[in-house]
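# Structural overview
Here are the chains, one letter per residue:
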Amino acid sequence: MAPRRLPSLRALRAFEAAARHGSFSAAAGELSVTHAAISHQIRALEEDLGAQLFHRTGRHVELTERGAKLFPALSAAFEQMAEGWAQAGAKDSSALTVSVEPSFAARWLVLRLGKFNRAHPEIELRLLPSADVVDFSREDVDIGVRYGLGGWPDVVSEKLFEATVYPVCAPSLIDPKKPIRKPEDLKSYPLLHEETMQHWMNWLEQAGVKHPRWAAKGPLFIEASLALQAAAGGQGVALANDTLAMADLAEGRLVRLFDIEMPDEEGYWLVYPEGARKPKVDAFRNWIREEAGLGPPEDPNPPEMLTPRGRGKAVR
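Here goes a summary of the coordinates provided. Chains are numbered independently. Their residues run from 1 in the order of the written sequence. The predicted origin of the model limits local features to residues at a pLDDT of at least 70 and limits the giving and counting of side-chain atom pairs to 80 or more, whereas totals for whole chains, interfaces and linings rest on all residues. Side-chain numbers here rest on the full set of heavy atoms in the structure, without hydrogens or water.

## Examining the environment of Ala-44
Put simply, the rule is: A run of DSSP states H or I qualifies as a helix once it reaches four residues; a run of E qualifies as a strand once it reaches two. Both are numbered from the N-terminal end. Each residue's exposure class comes from its accessible area (1.4 Å probe, protein chains only) as a fraction of the maximum for that residue type: buried when under 20%, exposed when over 50%, partly exposed otherwise.
Counting through the fold element by element, Ala-44 comes out in helix 3 (residues 35–49). For Ala-44, a relative accessible area of 35% gives the class partly exposed. Between the alpha carbons of Ala-44 and Pro-7 there is a distance of 9.1 Å; along the sequence they are 37 residues apart.

## Notes on the pairing of strand 2 (residues 60–63)
Rules: Two strands pair if DSSP finds at least two bridges between them.
Relative to strand 2, strand 1 (residues 54–57) runs antiparallel, the two sharing 4 bridges. Across the sheet, residue Arg-56 finds its bridge partner in strand 2, namely Val-61. Connecting strand 1 to the antiparallel partner strand 2 that follows it, the hairpin turn spans 2 residues, and Gly-58 within it adopts a positive phi of roughly 65 degrees.

## Here we look at the packing of aromatic side chains
Note the cut-off: Whether two aromatic rings pair depends on their centres lying within 6.5 Å, for rings of Phe, Tyr and Trp, where Trp uses its six-membered ring; planes under 30 degrees apart make the pair stacked, over 60 edge-to-face, and the rest tilted.
Following the criterion strictly, the structure yields 13 aromatic pairs and no others. Pairing Trp-203 with Phe-258 gives two aromatic rings, centres 5.9 Å apart and planes at 35 degrees, and the pair type is tilted. Pair noted here: Trp-203 is in helix 7 (residues 198–206) and Phe-258 is in the loop between strand 10 (255–256) and strand 11 (262–273), with a separation of 55 residues, a long-range link. Exposure remark for Trp-203: the relative accessible area of 0% places this residue in the buried category. On the basis of relative accessible area, Phe-258 is assigned to the buried category, the value being 8%. Where Phe-284 meets Trp-287, the ring centres are 5.8 Å apart and the plane angle is 45 degrees; that geometry is what we call tilted.

## Focus: the environment of Gln-235
The condition is simple: Residue contacts are defined here by distance: any two heavy atoms, one from each residue, within 4.5 Å place the two residues in contact.
Considering the arrangement of structural elements, one finds Gln-235 in the loop between helix 8 (224–232) and strand 9 (237–241). Accessibility expressed as a relative area gives 47% for Gln-235, which makes it partly exposed. The sequence separation of Gln-235 and Cys-169 amounts to 66 residues, and the corresponding C-alpha distance is 8.3 Å. Once residues lying within four places of it in the same chain are set aside, the contact partners of Gln-235 are Pro-190, Leu-192 and Ala-230.

## So, the packing of helix 1 (residues 9–21) against helix 3
The condition that has to hold: For helices, the axis comes from a line fit to the C-alpha atoms of the stretch in contact; other axes are also lines fit to C-alpha atoms, and the angle between any two N-to-C directions lies between 0 and 180 degrees. Angles below 35 degrees are treated as roughly parallel, those above 145 as roughly antiparallel, those between 65 and 115 as roughly perpendicular, and all remaining angles as oblique. Residues are grouped as follows: Ala, Val, Leu, Ile, Met, Phe, Trp, Tyr, Cys and Pro are nonpolar; Asp, Glu, Lys and Arg are charged; all remaining types, including Gly, are polar.
The N-to-C vectors of helix 1 and helix 3 enclose an angle of 110 degrees; their axes lie 8 Å apart at closest approach. For the element pair helix 1 / helix 3, the angle class is roughly perpendicular. Contacts between helix 1 and helix 3 pair Arg-10, Ala-11, Leu-12, Ala-14, Phe-15 and Ala-18 from the former with Ile-38, Gln-41, Ile-42 and Leu-45 from the latter. Taken together, the residues that form the contact of helix 1 with helix 3 break down as 8 nonpolar, 1 polar and 1 charged.

## Looking at the pairing of strand 9
The element strand 9 is largely enclosed, with a buried count of 5 among its 5 residues. Judged by which residues are buried, strand 9 turns out to be covered on both faces: Val-237, Leu-239 and Asn-241 on one side and Ala-238 and Ala-240 on the other are all buried. Here 4 bridges tie strand 6 (residues 155–169) to strand 9, and the two strands are oriented antiparallel to one another. Paired with Val-168 across the bridge in strand 9 is Ala-238. Looking at chain direction, strand 7 (residues 191–194) and strand 9 are connected through 2 bridges and run parallel. Counterpart to Leu-191 in the pairing with strand 9 is Val-237.

## With respect to the environment of Val-110
Within the secondary structure layout, Val-110 lies in the loop between helix 5 (102–109) and helix 6 (113–119). Distance in space between the C-alpha atoms of Val-110 and Leu-127 is 9.3 Å, their sequence separation being 17 residues. Val-110 has contacts with Ala-105 and Leu-127, leaving out every residue within four places of it along the chain.

## Section: the packing of helix 5 against helix 9 (residues 242–250)
The relative placement of two packed helices comes down to the angle between their axes together with the axis-to-axis distance. We apply this condition: Two helices cross in a left-handed way if the nearer one is turned anticlockwise from the farther one by less than a right angle. They cross in a right-handed way if the turn is clockwise.
Relative to each other, helix 5 and helix 9 sit at 35 degrees, their axes nearing to 8 Å. Of the two possible hands of crossing, helix 5 and helix 9 adopt the one that is left-handed. Between helix 5, through Ser-103, Phe-104, Arg-107 and Trp-108, and helix 9, the contact on the second element is made entirely by Thr-243, Leu-244, Met-246 and Asp-248. Among the residues forming the contact of helix 5 with helix 9, the class breakdown is 4 nonpolar, 2 polar and 2 charged.

Now the structure itself:
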């Protein structure tokens with residue numbers, strides 16, 4: 001099939017705009033070119049066609065018979081191209097983008113996502129592992145899970161978990177010659193730290209160990225999931241957030257060493273923009289609340305869940 005012969009797209013745009021406005025000047029203003037440029041493009045079309053397209057009457061122009069035949073088809077074609085371009089650039093309404101704290105994503109959320117996908121096959125779920133506080137007004141994110149104290153401005157926050165921490169290690173790490181019967185016995189083992197060594201110091205002091213300066217050494221990990229992975233690999237003893245460690249404990253990769261636990265002042269929060277609820281957001285929100293043991297909310301916007309505007313500790 002021979003290729004279709006078409007004139008310049010720029011010239012066709014100039015003709016369509018001039019015909020719609022009935023003015024070369026108005027067409028020039030719409031297309032951000034000069035009056036002379038519009039006149040030149042249309043003259044080139046007329047020469048190519050071998051027929052006049054406009055009657056020029058002072059400041060205004062009128063379509064000739066040939067021009068009147070061309071204009072409707074050309075106008076419809078440009079409208080169709082504009083609609084196609086808009087659709088190509090539109091966000092996928094079926095996609096749900098969830099920003100998730102990386103350790104929570106790796107050790108809790110992804111283990112359960114099969115349930116969500118089976119319950120909502122119509123929703124394309126996209127996970128964005130990030131420790132940053134997402135700006136919903138600037139980023140293409142629908143809902144998120146953050147770790148912190150809450151109190152983030154301009155979002156609704158719902159607390160998913162009240163976490164506690166306690167020591168865990170791989171069963172293979174414990175040396176029968178160096179049994180771990182009391183917190184002081186941890187001195188014989190490497191301690192794995194998350195973000196800061198102060199967490200271990202705080203736990204040991206709460207457990208009754210006086211001046212545990214010996215705890216201020218050992219590998220330091222940026223994310224909790226890395227510290228737990230190292231512990232499961234037999235590299236030392238970690239302080240486990242029970243939300244993140246539950247799968248490893250249930251499957252025996254980690255064992256809990258003491259009943260002594262320390263409340264975690266921070267927690268995991270479900271967050272989404274104020275006044276921006278969508279069916280796909282509600283579907284994820286209701287599902288994750290069920291998985292967290294909270295159940296569906298009675299009121300979709302209960303007043304006690306609205307986050308006060310103020311300073312909140314950044315997610316880590």
